[in-house]
Amino acid sequence: QVQLVESGGGLVQPGGSLRLSCAASGIIFSAYAMGWYRQAPGKQRELVARISSGGSTNYADSVKGRFTISRDNAKNTVYLEMNSLKPEDTAVYYCNAAHTITQWNRNYWGQGTQVTVSS
């Protein structure tokens, strides 16, 4: 069974940092692009960061220079390092796995982890 389990969310003050982790099982991890998405109340889910199977990355403009996505294929885990957090970063953050062969339509989601940025 495929499972993506996020961890590391919580309450942090503006300007603080958090590191999210997503542990994957049931997939050939190295064959998947991994991404972090977030959804705030009343808003659509949006892409935050993505890392390909080859290690190339892309970020939403709103987080460039503050967030870093990375992966450890030996641990089947993807990370999101979040620095200089702002209240507008408050959302549920979701881990996503998408197979490199897009036409296969293999796409999986974690349960989400809450990130709250508030003083």
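Attention here is on the structure that accompanies the text. Keep in mind that what you see is a predicted model, and the values were worked out from it rather than measured. (Residues numbered from 1 in each chain as written. Predicted model: local features only at pLDDT ≥ 70, side-chain atom pairs only at ≥ 80, totals over all residues. Heavy atoms only, no water.)

Right, let's talk about the state of the cysteines for a bit. Here the structure, examined in full by the defined rule, presents 1 disulfide. In this model Cys22 forms its disulfide with Cys95; the gap between the sulfur atoms is 2.1 Å. Taking the sign of the S-S torsion, about -85 degrees here, the bridge from Cys22 to Cys95 comes out left-handed. Taken as a pair, Cys22 in strand S3 (residues 18–25) and Cys95 in strand S9 (residues 91–99) lie far apart in primary sequence, 73 residues in all. (Disulfide = S-S within 2.5 Å. Helix = DSSP H or I, 4+ residues; strand = E, 2+ residues; numbered from the N terminus.)

With that out of the way, let us pick up the pairing of strand S7 (residues 67–72). Burial along S7 is one-sided: the residues Phe67, Ile69 and Arg71 are buried and none of Thr68, Ser70 and Asp72 is. As paired elements, S7 and strand S8 (residues 77–82) share 6 bridges and run antiparallel to each other. From the neighbouring strand, Ile69 faces S8, where its bridge partner is Leu80. Counting the residues that bridge the hairpin from S7 to S8 gives 4 residues, and of these Asn76 lies at a positive phi of roughly 50 degrees. (Buried < 20%, exposed > 50% of the residue type's maximum accessible area, 1.4 Å probe, protein only. Pairing = 2+ DSSP bridges.)

One non-glycine residue, Ser84, lies in positive phi territory at about 50 degrees. Here Ser84 is to be found in the loop between S8 and S9. Here the phi dihedral of Asn105 falls at roughly 55 degrees; this positive angle occurs in a residue that is not glycine. Inspection of the secondary structure assignment puts Asn105 in the loop between S9 and strand S10 (107–109).

Going through the model one piece at a time under the given rule, you end up with 4 salt bridges. Of the charged contacts, one joins Arg38 and Glu46 as a salt bridge, the two residues approaching to 2.8 Å between their closest N and O atoms. Across the pair Asp89 and Arg66 runs a salt bridge whose closest N-O atoms are separated by 2.8 Å. With Asp89 in the loop between S8 and S9 and Arg66 in the loop between strand S6 (57–59) and S7, the pair connects residues that are 23 residues apart, well separated along the chain. Arg66 gets classed as buried once you look at its relative accessible area, which sits at 11%. Sharing partners across several salt bridges, the network here consists of Arg38, Glu46, Arg66 and Asp89. (Salt bridge = Lys/Arg side-chain N within 4 Å of Asp/Glu carboxyl O.)

Turning our eyes to something else, we now look at the nonpolar core. Ranked by size, the top nonpolar core spans 30 residues in total, and within it Trp36, Val78, Leu80, Met82 and Tyr93 carry the most contacts. Put simply, the parts of the chain that give this core at least two residues each are S3, strand S4 (32–39), strand S5 (46–51), S7, S8, S9 and strand S11 (113–117). (Core = buried A, V, L, I, M, F, W, Y, C linked by side-chain atoms within 4.5 Å.)

Within a beta sheet, neighbouring strands are joined by backbone hydrogen bonds and run either parallel or antiparallel to one another. In spatial order, the strands read S1-S3-S8-S7; together these 4 strands make up an open sheet with antiparallel pairing. With partners counted over all chains shown, the strands left at the sheet margins are strand S1 (3–7) and S7, one partner each. On average, each strand axis in the sheet is tilted by 15 degrees relative to the strand beside it, whichever way the strands run. (Axes fitted to C-alpha atoms, helices over the stretch in contact; angles between N-to-C directions.)

Throughout the structure, instances matching the rule amount to 2 aromatic pairs. Between Tyr32 and Tyr108, the ring centres sit 6.2 Å apart and the planes meet at 45 degrees, which makes this aromatic pair tilted. One end of the pair, Tyr32, is in strand S4; the other, Tyr108, is in strand S10, and 76 residues separate them in sequence. For Tyr32, a relative accessible area of 6% translates into the label buried. Aromatic side chains Tyr37 and Trp109 sit 5.0 Å apart centroid to centroid with 65 degrees between the ring planes, which places their arrangement in the edge-to-face category. (Phe/Tyr/Trp six-rings, centres within 6.5 Å; stacked < 30°, edge-to-face > 60°.)

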